[in-house]
Amino acid sequence: MDRAELLTAYEQMAVIRRTEKAAHDLFLQGLVKGTTHLAAGHEAIAVGASAALRPDDYVFATYRGHHHALARGATPEECLAELMSRATGLCRAKGGSMHLTKASTGMLGSYAIVGAHLPMAAGAAWSARLRGTDQVAVAFFGDGATNIGAFHEALNLAAVWKLPVLFVCENNLYMEYTPIADVTAVARPAADRAPAYGIPGEVVDGNDVVAVEEAVARLAGRARAGDGPALLEARTYRHFGHSRADPATYRPAEEVERWLKHDPLDLARGRLVEMGVPSETVAEADERASDAVQKAVDAAKAAPPPDPDEALTDVWADGGAAWRT
């Protein structure tokens, strides 16, 4: 990334961080129903990967997918309105926090069933192959999904068919409340398993947006060239608990402190300073991010509730609800 690209990536991460903070605050105010799984701390993975992908590539994410929706073109207002069950929400209040989807930008959904979207990403890659495009499908998933059968099934089939799909594990060390290292035989739950399927497995600092962008660009380019799938394990850390109902007291204090010192925004800010970007320029990016999210919060609060008459629409591609045979 050059200076301008890194500054853009930094501002995008700042917008995501503030949107996550807004979601947290709105939840505490009783304006977000159900639960939310915040991705604060994971921003560099979504932003770095998106910077390396084309607009027509496909992205699949987990229930912790706010950052991917925003990185792929959803606005803070669309996301916060969706969390608040407003008519202006990204899915018009039908998806909520765990199902953010914007097909027009290639964001083909967040999925609450652990690992279920990995075979879907393989299917999207197969579609690209059949249609003769050089699109790439990317599946983002947590470390816990590496112990799910769908993970192994998707990797195996992707390797057999040499599909243009990239599997990106966001390893934040915990599968909900259990340390992944306590229940997994290999040290690197994703990267160490990839070779069993003849797939390259790499590890990257998931908090370094530049390192993520470079790794995804290289592996996506490999897939476009017809060299098949690859797996990238991005090491990161969530700043909050598993969900809003989780205080995360099971995490050692020294571990939390160590990772908070390795914050994605701080790393990017440090790189910008090293590249000669004035601190005032970085501060202006922060201010723009703050203003954008505050406007999104105000707009989402003022938005109307969804129309009950639309409850059964959007079942089919044409927006209808009538049963087809």
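Coordinates for the structure precede this section.
Okay, so let's go over this structure. (Residues numbered from 1 in each chain as written. Predicted model: local features only at pLDDT ≥ 70, side-chain atom pairs only at ≥ 80, totals over all residues. Heavy atoms only, no water.)

### Brief notes about the packing of aromatic side chains
Okay, step 1: Scanning all chains against the criterion turns up 6 aromatic pairs.
Okay, step 2: Measuring from ring centre to ring centre gives 5.6 Å for Phe141 and Phe151, while their planes differ by 55 degrees; the resulting arrangement is tilted. Of this pair, Phe141 sits in strand 3 (residues 137-142) while Phe151 is found in helix 6 (residues 149-161), placing the two residues 10 residues apart along the sequence.
Okay, step 3: Since its relative accessible area comes to 0%, Phe151 is described here as buried. (Phe/Tyr/Trp six-rings, centres within 6.5 Å; stacked < 30°, edge-to-face > 60°. Helix = DSSP H or I, 4+ residues; strand = E, 2+ residues; numbered from the N terminus. Buried < 20%, exposed > 50% of the residue type's maximum accessible area, 1.4 Å probe, protein only.)

### Things to note about helix 7 (residues 209-224)
Okay, step 1: Across its 16 residues, helix 7 extends 22 Å between first and last C-alpha, which sits within 8% of the 22 Å expected from 1.5 Å per residue.
Okay, step 2: Elements that come into contact with the buried residues of helix 7 comprise helix 1 (3-28), helix 2 (43-52), strand 4 (165-171), strand 7 (201-205), strand 8 (230-235) and helix 9 (264-274).
Okay, step 3: Between the side-chain oxygen at the start of helix 7 and the backbone nitrogen of Val210 there is a gap of 3.1 Å, and the oxygen is on Asp208.
Okay, step 4: Once helix 7 ends, the next one or two residues include Gly226, with phi positive near 95 degrees. (Expected span 1.5 Å × (residues − 1). Contact = heavy atoms within 4.5 Å. Polar contact = N/O pair within 3.5 Å; in protein donor to acceptor, adjacent residues only side chain to side chain.)

### Describing the nonpolar core
Okay, step 1: Leu80, Val209 and Val216 are the most contacted members of the largest nonpolar core, which has 61 residues in total.
Okay, step 2: With near-sequence residues (within four places) excluded, Val216 lies in contact with Ala49, Ala52, Leu53, Leu166 and Leu232.
Okay, step 3: Grouped together as the second largest cluster of nonpolar side chains are 24 residues, Phe141, Ala145, Phe151 and Leu155 included. (Core = buried A, V, L, I, M, F, W, Y, C linked by side-chain atoms within 4.5 Å.)

### Notes on helix 1
Okay, step 1: For helix 1, spanning 26 residues, the distance from its first C-alpha to its last is 38 Å, which sits close to the expected 38 Å at 1.5 Å a residue.
Okay, step 2: Looking at where helix 1 begins, the residue whose side-chain oxygen comes 3.2 Å from the main-chain nitrogen of Ala4 is Asp2.
Okay, step 3: Once helix 1 ends, the next one or two residues include Gly30, with phi positive near 80 degrees.

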